[in-house]
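Here's the letter readout for the chains.
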Amino acid sequence: MNVRKSGMNLTAKIVGVVFAIILWFNVTTNSVFNHKVSLPIQYVGLSEGYVITSSLPDEVLANIKGSGRDLVTFYLQGLSQTLKSSTIVHLTGIPEGKNPISITKSSIVGLPSGVEVEGILYPDNGAFSIEIDRKIKRTIAVEIDSLSGYRVVEGYCIVGKPVSTPEFVLVQGPEKVLNNINSLKINFLADETVSQSDTVLTSHLEVPPLVTVEPDRVDIHFRVEPLVTRQVARVPLTLKGFQRRNHPEFEPDTVAVHIYGPESVVSGIEKENILVAIRYDTYIEHLARGDSLITPTTTIPESASVVSIVPKAIRFK
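Residues numbered from 1 in each chain as written. Predicted model: local features only at pLDDT ≥ 70, side-chain atom pairs only at ≥ 80, totals over all residues. Heavy atoms only, no water.

Q: So what about the sheet that holds strand S4 (residues 86–90)? Which residues, and what values?
A: Ordered by their spatial adjacency, five strands build an open sheet running S6-S4-S1-S3-S7, and the pairing between neighbours is mixed. Strand pairing shows two members of the sheet lacking a second neighbour, strand S6 (108–109) and strand S7 (116–122), which therefore form its edges. Note that strand S3 (residues 59–67) and S7 share five bridges and pair antiparallel. When the bridges of S7 are listed, Lys-65 appears paired with Glu-116. (Pairing = 2+ DSSP bridges. Helix = DSSP H or I, 4+ residues; strand = E, 2+ residues; numbered from the N terminus.)

What follows is the structure, given as structure tokens:
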């Protein structure tokens, strides 16, 4: 008897709880609530030949109201993506320059019946500005005067100026941006390597924001040569600033010059292209110190360098 009565009490309690939940749900879902919600912004109607150049908000924060039942429906539809609520900003006819934009309650579309917009919280009061510029096209050169980000295989060097293919690219973007661009820089990937068997590197260009480029990749062609060493013998000694007669004697009057550089450059250098000189003022300085040996200066064509001269010092008397 006690067991039966205890079971009846438990059943009554469960029924009471369920009834209370149903009663609470009916009351609350019919009550009106306010809630904050973020909705995406769609910018439509921008005139052809223009481009937006300012940073814009991607969404609005709105205060909406509706019954609990309607708000639950709103969120369930949003989760299932059957609801396409958004904020529409019309840009039709907006002129070039800075323009004020105002988002109103009517700008928000796609809300289910029973849900209303109370106000716009962000952007502040629904107000912000937008900058419009003309979209233009220009042909701009590829900059190859200051390339970086690559290396040359050891024992080799780059001769001459690299060549870009193509040399010019077509860019499109805001007029104010493109008018300040004279060339586009190369953006090599890290550890790009140039060798005699791989003389072409393909790279993207450094493009400013809001700008597109065609083509977006270019080929940079390098002329690669091995570095070699060569000796040029019997290069005559030249005296600078001395009298033609009665000048001191220098022994020996010729030297051997060891040069280093790109193969095509080094192979073409003859003794006539090398200047081994002693200046008169340098001679006077050594003479005043009591020295009898002097090291001449050596000048050779660019792209090559002097490794050594033999003998290193010239004796004078």
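Q: Which residues make up the environment of Ala-233, and what are the values?
A: If you trace the backbone, Ala-233 turns up in strand S18 (residues 224–240). Judged by its relative accessible area of 40%, Ala-233 is partly exposed. Taking the C-alpha atoms as reference points, Ala-233 and His-258, separated by 25 residues in sequence, lie 8.6 Å from one another. (Buried < 20%, exposed > 50% of the residue type's maximum accessible area, 1.4 Å probe, protein only.)

Q: Can you break down the pattern of salt bridges residue by residue, with the values?
A: In the structure shown here, the tally under the stated rule is eight salt bridges. Put simply, Lys-65 and Glu-118 hold a salt bridge, and the shortest N to O gap is 3.6 Å. Taken as a pair, Lys-65 in strand S3 and Glu-118 in strand S7 lie far apart in primary sequence, 53 residues in all. With a relative accessible area of 28%, Lys-65 lands in the partly exposed category. Classification of Glu-118 by relative accessible area gives partly exposed; the value is 36%. (Salt bridge = Lys/Arg side-chain N within 4 Å of Asp/Glu carboxyl O.)

Q: Describe in detail the sheet that holds strand S25 (residues 314–316), supporting the description with residues and values.
A: Strand order across the open sheet formed by three strands is S19-S25-S22, with antiparallel pairing between neighbours. The outermost strands of the open sheet, each flanked by one partner alone, are strand S19 (250–251) and strand S22 (293–294). Note that S19 and S25 share two bridges and pair antiparallel. Counterpart to Phe-250 in the pairing with S25 is Phe-316.

Note that all results are geometric; they support no functional claim without further evidence.
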